Amino acid sequence: MRPQSFISVLSLILFFLHCTKTLCQSPAAAPAMAPPTTPVKAPPADSSQAPSAQVATSPGPVDINKILQKAGHFTVFARLMQATTEDTELNKELNNTNNGITILAPTDSAFSSLKAGFLNSLSDEDKTELVKFHVLPAFISTSQFQTVSNPVRTQAGTGPRVTLNVTTTGNFVNISSGLTNTSISGTVYTDSQLAIYQLDKVLYPLDIFTPKPPAPAPEPALGKPGKAAPGVESPTAPKDISAAPTQLFLHDNALLLAVSCAFAAIIYS
């Protein structure tokens, strides 16, 4: 009976070990779920006008208005130049002389960002000056902006109220009028005589949008002295009367001597 008992006990031990191993096994882990992804929003578009494609040169006379219209999104500035006849004057200068011209052309977006009714509030004279303020009386290439001397003269005239300041950092060209600060954002057109660059802001000249200094007082006229008014003596040099008492004393003594001599003659006659 001992062998049978031993086999039974051994069987129980093996069964117990098998059950313990089965119970200790952990269930298979569930596959981990990927975290939900949040869609990435695109950055807001820049409010400035994208640089326009450069207009190619064409044979024949230069026409600034046609160049601006062909470039696109310069409609307001082109109409303003046409209304003030500045485009006609510049075309004559470009086609009949060797003078160079540089135009800083604001985009339609630059004008639309202005206060409503801005252009209509300007007089014809101010509109003409505003256009001329965006024209430089010389051809300036992009590389020449790095060596230009400030202040930069405009077609509006000379003096600090109608000039510009230019600063550069690498190929970055900054334009300042004293009231407006912007930069050149593209080249619209260029040849050997005319350069047109794109601006994303309208340049405000100090001469229009700040109070003008008071006019200097008129200088006195340098003419012949006028006649004195009636009853007013003209100024004369004062007479020297320092010897008057001496002359009066001598005159009295002479008169007394003459009287004495006449009286003596009467007595002794």
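Further up the page is the structure itself.
Residues numbered from 1 in each chain as written. Predicted model: local features only at pLDDT ≥ 70, side-chain atom pairs only at ≥ 80, totals over all residues. Heavy atoms only, no water.

**As for the overall build of the protein chain**
Per the secondary structure count, the protein chain includes eight helices and seven strands. Here the protein chain holds 269 residues, and 28% of them are scored as buried. For the protein chain, the accessible area works out to roughly 19200 Å², and carbon and sulfur atoms hold 61% of it. (Helix = DSSP H or I, 4+ residues; strand = E, 2+ residues; numbered from the N terminus. Buried < 20%, exposed > 50% of the residue type's maximum accessible area, 1.4 Å probe, protein only. Areas by Shrake-Rupley, 256 points an atom, 1.4 Å probe, with all protein chains shown as cover.)

**Re helix α4 (residues 86–96)**
Since the α-helix advances by 3.6 residues per turn, residues separated by three or four positions end up pointing in the same direction. The set of residues buried in α4 consists of E86, D87, L90, N91 and L94. For α4, the arc enclosing every buried residue in end-on projection is 130°, short of the 170-degree limit, so these residues lie on one face. Buried residues belonging to α4 abut α2 (64–71), α3 (75–83), β1 (101–106), α6 (124–132), β2 (135–136) and β7 (194–199). (Arc of directions from axis to C-beta. Contact = heavy atoms within 4.5 Å.)

**Considerations on unusual backbone geometry**
Residue P151 is bonded to the preceding N150 through a cis peptide linkage, with omega at -5°. Its location among the elements puts P151 in the loop between β2 and β3 (152–153). Located in the positive-phi region is T85, a residue other than glycine, with phi close to 60°. Residue placement: T85 occurs in the loop between α3 and α4. You can call T85 partly exposed: its relative accessible area is 41%.

**Re the layout of surface pockets**
Empty space among the atoms becomes visible once a probe the size of a water molecule is rolled across them. If you add up the space inside the largest pocket, you get close to 200 Å³. Lining the largest pocket are 13 residues, and of these S58, P61, D63, K66 and I67 sit closest to its centre. Here the lining of the largest pocket takes three residues from α2, the largest share from any one element. (1 Å grid on protein atoms, 1.4 Å probe; cavity = no way out; pocket = protein on both sides within 12 Å on 5 of 7 lines; lining within 4 Å. Points joined across faces, edges and corners; volume = space filled by probe spheres on them.)

**As for the nonpolar core**
Grouped together as the largest cluster of nonpolar side chains are 30 residues, with contacts concentrated most on I64, L68, M81, I103, L194 and I196. Contributions of two or more residues to this core are made by α2, α3, α4, β1, α5 (108–112), α6, β6 (181–190) and β7. Those residues within four positions of L194 in sequence are excluded, and the remaining contacts are V62, I64, I67, L94, I101, I103, F139 and Y189. Among the nonpolar cores identified, the runner-up in size contains 15 residues, and L104, L136, I140 and V152 belong to it. (Core = buried A, V, L, I, M, F, W, Y, C linked by side-chain atoms within 4.5 Å.)

**Observations regarding the pairing of strand β4 (residues 163–169)**
By the bridge criterion, two bridges tie β3 to β4 in an arrangement that is antiparallel. Note on β4: the bridge partner recorded for R153 is T163. Looking at chain direction, β4 and strand β5 (residues 172–176) are connected through five bridges and run antiparallel. What sits directly across from T168, in β5, is V173. Between β4 and β5, which follow one another and run antiparallel, lie two residues, and G170 among them has a positive phi close to 65°. (Pairing = 2+ DSSP bridges.)

**Topic: the packing of α2 against α3**
Relative to each other, α2 and α3 sit at 165°, their axes nearing to 9 Å. In terms of their interaxial angle, α2 and α3 are classed as roughly antiparallel. Regarding α2 and α3, the two cross each other, and that crossing is left-handed. Across the interface between the two elements, I64, N65 and L68 of α2 pack against F77, A78, M81 and Q82 of α3. Split into classes, the residues belonging to the contact of α2 with α3 amount to five nonpolar, two polar and no charged. (Axes fitted to C-alpha atoms, helices over the stretch in contact; angles between N-to-C directions. Parallel < 35°, antiparallel > 145°, perpendicular 65-115°, else oblique. Left-handed = near helix turned anticlockwise from the far one by under 90°. Nonpolar A, V, L, I, M, F, W, Y, C, P; charged D, E, K, R; others polar.)

**Let's talk about the packing of aromatic side chains**
Taken as a whole and assessed by the stated rule, the structure comprises four aromatic pairs. Consider the rings of F145 and Y197, whose centres lie 5.5 Å apart with planes at 70°: the pair is edge-to-face. Of this pair, F145 sits in the loop between β2 and β3 while Y197 is found in strand β7, placing the two residues 52 residues apart along the sequence. On the basis of relative accessible area, Y197 is assigned to the buried category, the value being 2%. By the ring-pair criterion, three or more aromatic residues cluster together here, those being F118, Y204 and F209. (Phe/Tyr/Trp six-rings, centres within 6.5 Å; stacked < 30°, edge-to-face > 60°.)

**What to know about the environment of V131**
By secondary structure assignment, the location of V131 is in helix α6. C-alpha of V131 to C-alpha of E86: the two residues are 45 residues apart in sequence and 7.5 Å apart in space. Ignoring any residue separated from it by four or fewer positions in sequence, one finds V131 in contact with L80, M81, T84 and E86.

**Quick word on α6**
Those residues of α6 that sit buried are K127, E129, L130 and V131. At its buried positions, α6 is contacted by α3, α4, β2 and α7 (206–209).

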